[in-house]
Amino acid sequence: MGRNQLRRFRVVVGLVVVAGVALTGAGCSSTSSSSLTDEQRTALAEAAAAFDQAELVLADSFDAATTVPRLERWQETEILHQQALAELRDELPDGECRAAIEALLVVEDGQNVIRLRLIENYRQEQFGLVAQETTEYGRSVVSGALPAEATVATACGRSSVDPAAAPTDEGVLSGAQNVLFDAVLSSYIATGDAFDAVFSVPDFVTDLQALKVSDAAVAKELDEVVALLVDGPCRTSLSELRAIEQQQAELREAMIAAGEAGDIVTMISTLGEYTEVNSTSSAFTTARQSVNDDCGVNV
């Protein structure tokens with residue numbers, strides 16, 4: 001996968017992390033009578049404080065007031081890229097190259113819808129919906145944009161996304177059409193620059209590694225609480241929450257490894273799994289509410 005194709009993923013990976021760490025209702029306060037001892041309550045309070053710390057790791061990096069304008073700039077550059085593609089299409093005769101450009105424009109139009117929903121959900125800080133949209137966008141890239149771009153490269157004799165790619169057939173396009181193709185490439189590079197202004201894979205990996213440190217504190221506190229409790233509803237609920245937290249940790253670790261290796265496709269597919277267990281997911285919120293009910297404290 002070329003450098004420019006990698007850029008297409010950068011907004012996706014950043015956004016879904018926000019959804020994964022936007023913990024709600026963190027803190028520790030009594031909600032009902034409970035048989036927890038003072039020591040157990042203290043340990044659970046420390047676990048809740050660790051959750052708070054995990055939330056703060058990335059909050060500043062992905063603040064909506066800062067990020068939304070950058071996302072909007074990304075969308076603007078994508079529209080300019082699509083306009084350049086449309087101008088090229090209109091100057092092409094009927095045939096494989098024109099059909100390939102048209103098919104790519106259809107994919108791009110579908111991605112516009114996803115991007116606009118994603119931007120609005122981010123503006124409203126609806127991070128659960130952000131996670132859904134980013135996953136959908138990632139899938140559209142893998143199953144839609146990348147194959148369509150590869151078809152363009154074959155049908156038109158040159159890549160619409162990689163200026164370093166050598167032409168496969170220099171006789172497909174006329175001189176004027178090649179000029180329009182150059183404009184397509186230039187506009188695509190601008191979309192990459194817009195991505196760079198929002199997120200980068202190296203920064204994402206660094207932030208995940210920082211979150212990993214905070215997560216270790218969460219895991220330690222939860223394990224200590226579980227060890228202090230006798231068998232019963234509270235211990236069961238905390239164990240179930242701990243199991244989901246362990247899934248989160250394993251998936252974050254997989255995303256770190258994929259990002260470091262430049263395996264962006266694996267990173268994206270892992271994001272889909274992560275949204276199923278992140279802190280805004282049904283599984284996690286249900287488990288957390290069970291702890292609140294069974295242990296008599298908010299976590």
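Residues numbered from 1 in each chain as written. Predicted model: local features only at pLDDT ≥ 70, side-chain atom pairs only at ≥ 80, totals over all residues. Heavy atoms only, no water.

## Considerations on the confidence of the model for the protein
Then, in step 1: Taken as a whole, the protein shows an average pLDDT of 80; of its residues, 79% reach a score of 70 or greater.
Then, in step 2: When pLDDT is averaged over each element of the protein, helix α5 (residues 96-123) comes out on top at 95 and helix α1 (residues 3-7) at the bottom at 45.
Then, in step 3: Note on residues 1-33: pLDDT is under 50 here. Beyond four places in sequence and across chains, it has 124 contacts. (pLDDT = per-residue confidence, 0-100. Helix = DSSP H or I, 4+ residues; strand = E, 2+ residues; numbered from the N terminus. Contact = heavy atoms within 4.5 Å.)

## Remarks on the environment of alanine 153
Then, in step 1: Within the secondary structure, alanine 153 sits in helix α6 (residues 127-156).
Then, in step 2: Taking the C-alpha atoms as reference, alanine 153 lies 9.7 Å from isoleucine 101; in sequence the two are 52 residues apart.

## Considering the state of the cysteines
Then, in step 1: One pass over the full model with this rule turns up 2 disulfides.
Then, in step 2: For cysteine 97, the disulfide goes to cysteine 156, at an S-S distance of 2.0 Å. Its S-S torsion of about 105° marks the bond between cysteine 97 and cysteine 156 as right-handed, since a negative value means left-handed. Note that cysteine 97 is positioned in helix α5 and cysteine 156 in helix α6, a separation of 59 residues in sequence. Comparing cysteine 97 with cysteine 156 shows no difference in burial state: the two are buried.
Then, in step 3: The disulfide bridge from cysteine 234 ends at cysteine 295, spanning 2.0 Å between sulfur atoms. Measuring the twist about the S-S bond at about 105°, one finds the cysteine 234-cysteine 295 disulfide to be right-handed. With cysteine 234 in helix α9 (residues 233-261) and cysteine 295 in helix α11 (residues 282-295), this residue pair connects regions lying 61 residues apart in the sequence. (Disulfide = S-S within 2.5 Å. Buried < 20%, exposed > 50% of the residue type's maximum accessible area, 1.4 Å probe, protein only.)

## Some points on the pattern of salt bridges
Then, in step 1: Going through the model one piece at a time under the given rule, you end up with 16 salt bridges.
Then, in step 2: Between glutamate 133 and arginine 117 there is a salt bridge, with the nearest N and O atoms lying 3.0 Å from each other. Linking glutamate 133 in helix α6 with arginine 117 in helix α5, this pair joins segments that are 16 residues apart in sequence.
Then, in step 3: The buried category is assigned to glutamate 133, whose relative accessible area is 9%.
Then, in step 4: Among the salt bridges present, the one from glutamate 224 reaches lysine 220, with a minimum N-O distance of 2.7 Å. Highlighted residues: glutamate 224 and lysine 220, both in helix α8 (residues 201-228), separated by 4 residues, approximately one helical turn. (Salt bridge = Lys/Arg side-chain N within 4 Å of Asp/Glu carboxyl O.)

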